[in-house]
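Tertiary structure, described
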Amino acid sequence: MIPPSLAFTIEIENWIEPFGITGLTVTDFGLQLKVEVGLQFKVEEVVAISFLGSFLIGTAPRSFQLVIGGEMIDFEAPGAIIFELQDKDPANPLMLYDLIKQFTGLNLSSVPC
């Protein structure tokens, strides 16, 4: 006998400037909520929340890709975490001031290192 389960999944693709955030594009994002009940002689409910997303932050030529994902089982410690930051142009590396400028509007590129 297969134990009963329920899953709800949502996927978002190519959402430009979500919630009015300039310079942000959700290239791909998925979220799943899954509930499983009991396995044969074991009565146990499992609730799992999983997500994986890819985001484009900034505008050319100063843009970068952020990949983030994870899973939480029974609202406890995470079962998985992924975080990756990619710069598509190795000759034009991602700088900390790029992140600060993107989310605050402050241009710190002229501040000496």
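Above this text is the structure in question.
Read on for a plain summary of the structure. (Residues numbered from 1 in each chain as written. Predicted model: local features only at pLDDT ≥ 70, side-chain atom pairs only at ≥ 80, totals over all residues. Heavy atoms only, no water.)

1. Quick look at the overall build of the protein chain
In terms of regular secondary structure, the protein chain is built from one helix and five strands. Each helix and strand of the protein chain, ordered N terminal to C terminal, gives the series β-β-β-β-β-α. A globule of 113 residues ought to have a C-alpha radius of gyration of about 13 Å, yet the protein chain, at 19 Å, is considerably larger. Principal-axis analysis of the C-alpha atoms gives the protein chain an extent of 65 × 30 × 25 Å. Among the 113 residues that make up the protein chain, the fraction classed as buried is 20%. In the protein chain, of all internal contacts separated by at least 6 residues, the share reaching a separation of at least 24 is 35%. Averaging the locations of the 5 positively and 14 negatively charged side chains of the protein chain gives two centres separated by 6 Å. (Helix = DSSP H or I, 4+ residues; strand = E, 2+ residues; numbered from the N terminus. Rg over C-alpha atoms; globule rule 2.2 N^0.38 Å. Buried < 20%, exposed > 50% of the residue type's maximum accessible area, 1.4 Å probe, protein only. Contact = heavy atoms within 4.5 Å. Lys, Arg positive; Asp, Glu negative; His and termini not counted. Charge placed at Lys NZ, Arg CZ, Asp CG, Glu CD.)

2. Focus on a nonpolar patch on the surface
Taken together, the side chains of Phe8, Ile10, Leu31, Leu33 and Phe51 define a hydrophobic patch exposed on the protein surface, amounting to about 420 Å² of accessible area. Only strand E1 (5-16) and strand E2 (24-39) provide two or more residues apiece to the nonpolar patch. For Phe8, the position within the fold is in strand E1. Owing to a relative accessible area of 54%, Phe8 belongs among the exposed residues under this scheme. (Patch = residues over 30% accessible without salt bridge, like charges linked within 9 Å, V, L, I, M, F, W, Y side chains within 5 Å. Areas by Shrake-Rupley, 256 points an atom, 1.4 Å probe, with all protein chains shown as cover. Salt bridge = Lys/Arg side-chain N within 4 Å of Asp/Glu carboxyl O.)

3. Details of the nonpolar core
Membership of the largest hydrophobic core is limited to six residues, which are Leu24, Val26, Phe55, Ile57, Phe64 and Leu66. Among the elements of the structure, E2, strand E3 (42-59) and strand E4 (62-73) are those that each provide at least two residues to this core. Residues in contact with Leu66, not counting those within four places in the same chain, are Gly53, Ser54, Phe55, Ile57, Phe83, Glu84 and Leu85. (Core = buried A, V, L, I, M, F, W, Y, C linked by side-chain atoms within 4.5 Å.)

4. Re the environment of Ile16
Positionally, Ile16 belongs in strand E1. Separated by ten residues in the primary sequence, Ile16 and Val26 place their C-alpha atoms 6.5 Å from one another. Apart from the residues within four sequence positions on either side, Ile16 is in contact with Leu24 and Thr25.

5. Let's talk about the packing of aromatic side chains
Counted under the stated rule, the structure contains two aromatic pairs. Ring geometry for Phe29 against Phe55: centres 6.1 Å apart, planes inclined by 45 degrees, an arrangement best described as tilted. Placement of Phe29 in strand E2 and of Phe55 in strand E3 is noted, with a sequence separation of 26 residues between them. Phe55 sits in the buried class, given a relative accessible area of 15%. (Phe/Tyr/Trp six-rings, centres within 6.5 Å; stacked < 30°, edge-to-face > 60°.)

6. A closer look at the environment of Glu84
Here Glu84 is to be found in strand E5 (residues 78-86). The spacing of Glu84 and Val67 is 17 residues in sequence and 5.0 Å in space, taken between C-alpha atoms. At a separation of 3.0 Å, a polar atom in the side chain of Glu84 contacts the side chain of Gln86. (Polar contact = N/O pair within 3.5 Å; in protein donor to acceptor, adjacent residues only side chain to side chain.)

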